[in-house]
Amino acid sequence: MPAVSKGDGMRGLAVFISDIRNCKSKEAEIKRINKELANIRSKFKGDKALDGYSKKKYVCKLLFIFLLGHDIDFGHMEAVNLLSSNKYTEKQIGYLFISVLVNSNSDLIRLINNGIKNDLGSRNPTFMNLALHCIANVGSREMAEAFASDIPRILVAGDTMDSVKQSAALCLLRLNRTSPDLVPMGEWTARVVHLLNDQHLGVVTAATSLITTLAQKSPDDFKTSISLAIARLSRIVTSASIDLQDYTYYFVAAPWLSVKLLRLLQCYPPPEDAALRSRLTECLETILNKAQEPPKSKKVQHSNAKNAVLFEAISLIIHHDSEPTLLVRACNQLGQFLQHRETNLRYLALESMCTLASSEFSHEAVKTHIETVINALKTERDVSVRQRAVDLLYAMCDRSNAKQIVAEMLSYLETADYSIREEIVLKVAILAEKYAVDYTWYVDTILNLIRIAGDYVSEEVWYRVIQIVINRDDVQGYAAKTVFEALQAPACHENLVKVGGYILGEFGNLIAGDSRSSPLVQFNLLHSKFHLCSVPTRALLLSAYIKFINLFPEVKATIQDVLRSDSQLRNADVELQQRAVEYLRLSCIASTDILATVLEEMPPFPERESSILAKLKRKKGPGHLPDIDDARRNVNGSTEHSESTEATSKSSSHPFTDLLNLNSTPSAGGSLLIDVFSDNSTPASMDVSEENFSRFVCKNNGVLYENQLLQIGLKSEYRQNLGRMYVFFGNKTSTQFLSFSSVVASQDTLKTQLNVQTKTVDPIIEGGAQVQQILNIECVSDFTDAPVLNIQFRYGGALQNIAVKLPVMLNKFFQPTEMTSQDFFQRWKQLGAPQQEVQKIFKAKHSMDTDVTKAKILGFGVALLDGVDPNPANFVGAGVIHTKSTQVGCLLRLEPNTQAEMYRLTLRTSRDSVSQRLCDLLSEQF
């Protein structure tokens, strides 16, 4: 609240605030507020016209009450009236109230816009600033439509005061963020860019913020800003602190403007003009040189401002990635910060060096700091700094230091913070695979990883181990020997049992020649872990046992006894019981040749993008993961391993336990089976699911669609003619959905009546995961049809198509209206034309419970009016349908007849098509 001079002091406001502060309890405070609200209401409704001072005082009190957390439902008109005052304090309070309390969809917006237009045209800089601040604070689409063309004109006008230019630039920035389609910059572009040459640095600062945002959207239109930005930056960095005295902050010349100019330059590649490029290089070198100078002040503000400019300059150097000298100098400067006593600087240095590590010019320079980074990993107290150290080690890793970095990460993993263990596990797994010259080292590393942090080893990691072992003949024997030895530990993590069961089931024969690892010893070792494992792991072990029967006929009887036991054949879990029965029967009736064919060794897996890398990218978010895949760092001289296939075929119950590979894709030309489930043929036209459509007429949340693969949930909210729908797609399986897409389709007529804008959804949905899609909905005019949500994805190689009718109905755009009995029947008579009324008599489909009926009518969107109908058993409601083009009032009356179990529903609206549609929707609910 603005400071008030003694001559203009509002004593009543001061007394009221003092009374509130002196209240001993919440009840006393509410009582005092209610008393004040009653007094203000009576003053506003009184016959005597209030002067500007009184209006200002009472509006201030309402604003204070609102800031205390209480709702204010009056006083808005009085605040709007204050806008026409010629006194600054009164106008200021009016604008403050509007900025805080007036909703962007308020009916008063038109009156407010008139007041703002008068102030913008007044040429009084104080009033113009107040108006511009209000436009920016409210930021509604209506205001953007009203003033989007006026504000650029004010911004570039020659006679506009500097302070008004600043406000105009920032106001335009706000409108561009809220309604970018309404800001017409084409004709103003050149003149707005020219503001970078303005004499007033405040105007330049505000204009730079605006140009940066616009350049990100339309870089070609603002390309001329590059030379002006470089020229202005050059003048700042080469000036003495006394040259820009008003904009020097603790001996640093215009630090905020410098940062903004450097960010603007990051919207573009390095300048093509040699002179311009040379001048920019000089600026960046000057900034790096100044960082080496002794500080001119010991105050923290000086170092903060200086370092802010430095880090932004380094970001620009990294963005351009074209000047080797600057990149190495930036790396060395950041290296000095790695041991700085200020935690924030160490964090920022590590973060920036992660990006530098991916540049071919600075990668070697970053590697020189490996010992410092490892030391930070061990000694840092702040977990966020340790996490950045892990990121940097990951980014600087290559063939020359991979073993050292992986060893340090594994060592740190034993004491790492729980929140980052899974991420470290993923990074160790990726590095061990990527830079493994000797794959025996890779196997040792992953098994060690499972031993140290087994709970954090995701399925993708152990899937990948198995893929690599199966694809590389030279490591299969070593892997079998290693997992056999690892399983002999008294306590083994379940993930190790999975890997051991799979590898021994496939390659146990490679170590069976040693008496210490004979077939029976291998079987007994695996079976000793059986009862300690979860159901999916037991299923995998059962598959390993049937593989043993094929590999080692001498243990067939022993394994059949296990499969025949009651604990297997009568297992409570249907998956385990089915496997035991089928495997036992298979081992009894199949000949040796058939058994060998069915249980043959797994074929090599196709190479695809790394699922571990994909998971790490999802965990870190786009743009946060250093790129270690470029050709500069391809250590093996060939395409690196990438994957997405899980290690095993997937079944619907336990997708990683089918060792028989019954679901794998047949090899080309090697299979006699026809793939009858392939999606190569043209799909038939899809049926649109409407199963749960009617359930959403009176509710906004729930499950819209569900099958054995996918669950679709909805959460919706509506206000006037606008709505937002959150669609949740849940993967019910343990298998990824690939190439997932979700598109809303509408018939041609519906497209003109209903606008639906969708945001893109993640193309990959992990097994058991859920993703969200947001739909923005606008009702243009009344409609009867509904849009259709078309979902498409790949599951197990097969293309899935699902079409679901979206529950967007006309009643969703209701605003409930409270009415007295007299008003209701007066309006009822006004809507008495035959085409305005629709009546339907129908049999009750559900029990005629009064509370349920009330809930459904409220859920339909209208206000339930008690005591209006002479018959208390009847239900009466009122509401207004809001569309972009018009508003349609609606009155409804529902008369239940409990003896006959019948209803009579009567609706009257100002539009016959609306009456019919609402009647059809509501009658289906009873």
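Residues numbered from 1 in each chain as written. Predicted model: local features only at pLDDT ≥ 70, side-chain atom pairs only at ≥ 80, totals over all residues. Heavy atoms only, no water.

Caption draft 1: Representation of the overall build of the protein chain in the model. Along its length, the protein chain carries 38 helices and 17 strands. Here the protein chain holds 926 residues, and 52% of them are scored as buried. Nonlocal contacts in the protein chain, meaning residues at least 24 apart in sequence, comprise 68% of its contacts between residues at least 6 apart. (Helix = DSSP H or I, 4+ residues; strand = E, 2+ residues; numbered from the N terminus. Buried < 20%, exposed > 50% of the residue type's maximum accessible area, 1.4 Å probe, protein only. Contact = heavy atoms within 4.5 Å.)

Caption draft 2: Spatial organisation of the sheet that holds strand 6 (residues 722-731). Taken together, the five strands give an open sheet; going across it, the order is 4-5-6-9-8, and neighbouring strands pair in antiparallel fashion. Only two strands of the sheet have a single neighbouring strand rather than two, namely strand 4 (701-706) and strand 8 (754-758). The mean inter-strand angle of the sheet, taken between neighbouring strand axes irrespective of direction, is 25°. (Pairing = 2+ DSSP bridges. Axes fitted to C-alpha atoms, helices over the stretch in contact; angles between N-to-C directions.)

Caption draft 3: Layout of the sheet that holds strand 11 (residues 798-805). Pairing in this open sheet of four strands is mixed, and the strands run 3-11-10-7 from one edge to the other. Edge positions in the sheet fall to strand 3 (688-689) and strand 7 (738-745), since each has one partner strand and no second.

Caption draft 4: Broad picture of the pairing of strand 17 (residues 902-909). Of all eight residues that make up strand 17, six are buried, and the element is covered over most of its length. Sheet analysis places strand 13 (residues 837-843) next to strand 17, joined by seven bridges and oriented antiparallel. Among the inter-strand pairings, lysine 843 is bridged to a residue of strand 17, identified as methionine 902. By the bridge criterion, eight bridges tie strand 16 (residues 887-897) to strand 17 in an arrangement that is antiparallel. Residue pairing in the sheet places cysteine 890 in a bridge with threonine 909 of strand 17. Counting the residues in the hairpin turn of strand 16 and strand 17 gives four residues, including glutamate 901, whose phi is positive at 55°.

Caption draft 5: Structural view of the side chain of glutamine 333. Along the chain, glutamine 333 falls in helix 17 (residues 324-337). According to the relative accessible area criterion, glutamine 333 is buried, its value standing at 4%. Excluding residues that lie within four positions of it along the chain, glutamine 333 makes contacts with Leu288, Ala291, Gln292 and Leu310.

Caption draft 6: Seen up close, the confidence of the model for the protein chain. Looking at the protein chain as a whole, the pLDDT averages 83, with 89% of positions reaching at least 70. This model gives residues 1-7 a pLDDT under 50, and the stretch forms seven contacts once residues within four places in sequence are excluded. Low pLDDT, under 50, characterises residues 627-685; the predicted model gives this stretch 132 contacts beyond four residues in sequence or across chains. (pLDDT = per-residue confidence, 0-100.)

Caption draft 7: Highlighting the packing of aromatic side chains. Evaluation of the coordinates by the stated rule reveals 22 aromatic pairs. Note on phenylalanine 737 and tyrosine 795: the rings are 6.0 Å apart at their centroids and 85° apart in plane angle, and the pair reads as edge-to-face. Remark: tyrosine 795 occurs in strand 10 (residues 788-795) and phenylalanine 737 occurs in the loop between strand 6 and strand 7; sequence separation between them is 58 residues. Both residues of the pair, phenylalanine 737 and tyrosine 795, belong to the buried class. A network of ring pairs unites the aromatic residues Phe729, Phe737, Phe740, Phe793 and Tyr795 as a single cluster. Its end group placed over the ring of phenylalanine 127, lysine 91 keeps NZ or CZ at 4.5 Å from the ring centre. Directly above the aromatic system of phenylalanine 696 lies the positively charged group of lysine 699, at a separation of 5.4 Å from the ring centroid. (Phe/Tyr/Trp six-rings, centres within 6.5 Å; stacked < 30°, edge-to-face > 60°. Lys NZ or Arg CZ within 6 Å of the ring centre and 35° of its normal.)

Caption draft 8: Here's a closer look at helix 18 (residues 343-356). Helix length check: helix 18, at 14 residues, gives a terminal C-alpha distance of 20 Å against a target of 20 Å (1.5 Å per residue), a fit within 8%. Burial in helix 18 covers these residues: Leu345, Arg346, Ala349, Leu350, Ser352, Met353, Cys354 and Leu356. Packing partners of the buried residues in helix 18 comprise helix 16 (300-320), helix 17, helix 19 (363-367), helix 20 (370-379) and helix 21 (383-396). (Expected span 1.5 Å × (residues − 1).)

Caption draft 9: Spotlight on a nonpolar patch on the surface. Judged by side-chain polarity, Phe66, Leu67 and Val100 come together as a nonpolar surface patch covering roughly 250 Å² of accessible area. Within the secondary structure, phenylalanine 66 sits in helix 3 (residues 52-67). Residue class for phenylalanine 66 comes out partly exposed when judged on its relative accessible area of 30%. (Patch = residues over 30% accessible without salt bridge, like charges linked within 9 Å, V, L, I, M, F, W, Y side chains within 5 Å. Areas by Shrake-Rupley, 256 points an atom, 1.4 Å probe, with all protein chains shown as cover. Salt bridge = Lys/Arg side-chain N within 4 Å of Asp/Glu carboxyl O.)

Caption draft 10: Region of interest: the pattern of salt bridges. Summed over all chains, the structure comprises 34 salt bridges. Between arginine 41 and aspartate 73 there is a salt bridge; the shortest N-O distance is 3.7 Å. Taken together, the residues span a long stretch of sequence, with arginine 41 in helix 2 (residues 26-45) and aspartate 73 in the loop between helix 3 and helix 4 (76-82) at a distance of 32 residues. Residue aspartate 73 is classed as exposed on the basis of its relative accessible area, which comes to 60%. Here the salt bridges share partners, and the residues they tie into one network are Asp19, Arg32, Glu36 and Lys61.

Caption draft 11: Structural view of the environment of asparagine 700. Structurally, the position occupied by asparagine 700 is in the loop between strand 3 and strand 4. Given a relative accessible area of 29%, asparagine 700 falls into the partly exposed group. Each residue touching asparagine 700, except ones within four places of it in the same chain, is listed here: Leu714, Lys715, Ser716, Tyr718 and Lys812. A polar atom in the side chain of asparagine 700 sits 2.8 Å from the side chain of lysine 812. (Polar contact = N/O pair within 3.5 Å; in protein donor to acceptor, adjacent residues only side chain to side chain.)

Caption draft 12: Region of interest: unusual backbone geometry. In this model, tyrosine 250 sits at a positive phi of 50°, which is unusual for a non-glycine residue. Position of tyrosine 250 among the secondary structure elements: in the loop between strand 1 (248-249) and strand 2 (252-253). The exposure class of tyrosine 250 is partly exposed, given its relative accessible area of 31%. One non-glycine residue, glutamine 720, lies in the positive phi region at around 55°. Positionally, glutamine 720 belongs in the loop between strand 5 (710-719) and strand 6. Judged by relative accessible area, which is 24%, glutamine 720 ranks as partly exposed.

Caption draft 13: Structural context of a negative patch on the surface. Residues Asp438, Asp444, Asp473, Asp474, Glu600 and Glu601 make up a contiguous surface patch of negative charge. Mapped onto the elements of the fold, aspartate 438 is located in the loop between helix 23 (418-434) and helix 24 (439-453). (Lys, Arg positive; Asp, Glu negative; His and termini not counted. Charge placed at Lys NZ, Arg CZ, Asp CG, Glu CD.)

Caption draft 14: Spotlight on the nonpolar core. Counting 187 residues, the largest nonpolar core has Ile116 and Leu449 as its most contacted members. In terms of residue count, helix 24 provides more of this core than any other element does, 10 residues in total. What isoleucine 116 contacts, discounting residues up to four positions off in sequence, is Tyr95, Ala131, Cys134, Ile135, Met143 and Phe147. (Core = buried A, V, L, I, M, F, W, Y, C linked by side-chain atoms within 4.5 Å.)

Caption draft 15: Spatial organisation of helix 6 (residues 109-120). Taking 1.5 Å per residue, 12 residues should reach 16 Å; helix 6 reaches 16 Å between its end C-alpha atoms and fits that length. Taken as a whole, helix 6 has its buried residues at Ile109, Ile112, Asn113, Gly115, Ile116, Asp119 and Leu120. The arc that holds every buried residue of helix 6, seen down its axis, measures 165°, which confines them to one face. Among the exposed residues of helix 6, those pointing more than 90 degrees away from its buried face are Arg110 and Asn118. Those residues of helix 6 that are buried are in contact with helix 4, helix 5 (88-101), helix 7 (125-138), helix 8 (141-147) and helix 9 (150-156). (Arc of directions from axis to C-beta.)

Caption draft 16: Examining the pairing of strand 6 more closely. Here strand 6 lies mainly inside the structure; seven of its 10 residues are buried. Strand direction decides the pairing type here: strand 5 and strand 6, joined by 10 bridges, are antiparallel. Across the sheet, glutamine 711 pairs through a bridge with glycine 730, a residue of strand 6. With antiparallel pairing between neighbouring strands as the criterion, strand 5 and strand 6 make up a hairpin whose turn holds two residues, including glutamine 720 at a positive phi of roughly 55°. In terms of strand pairing, strand 6 meets strand 9 (residues 770-779) through nine bridges, oriented antiparallel.

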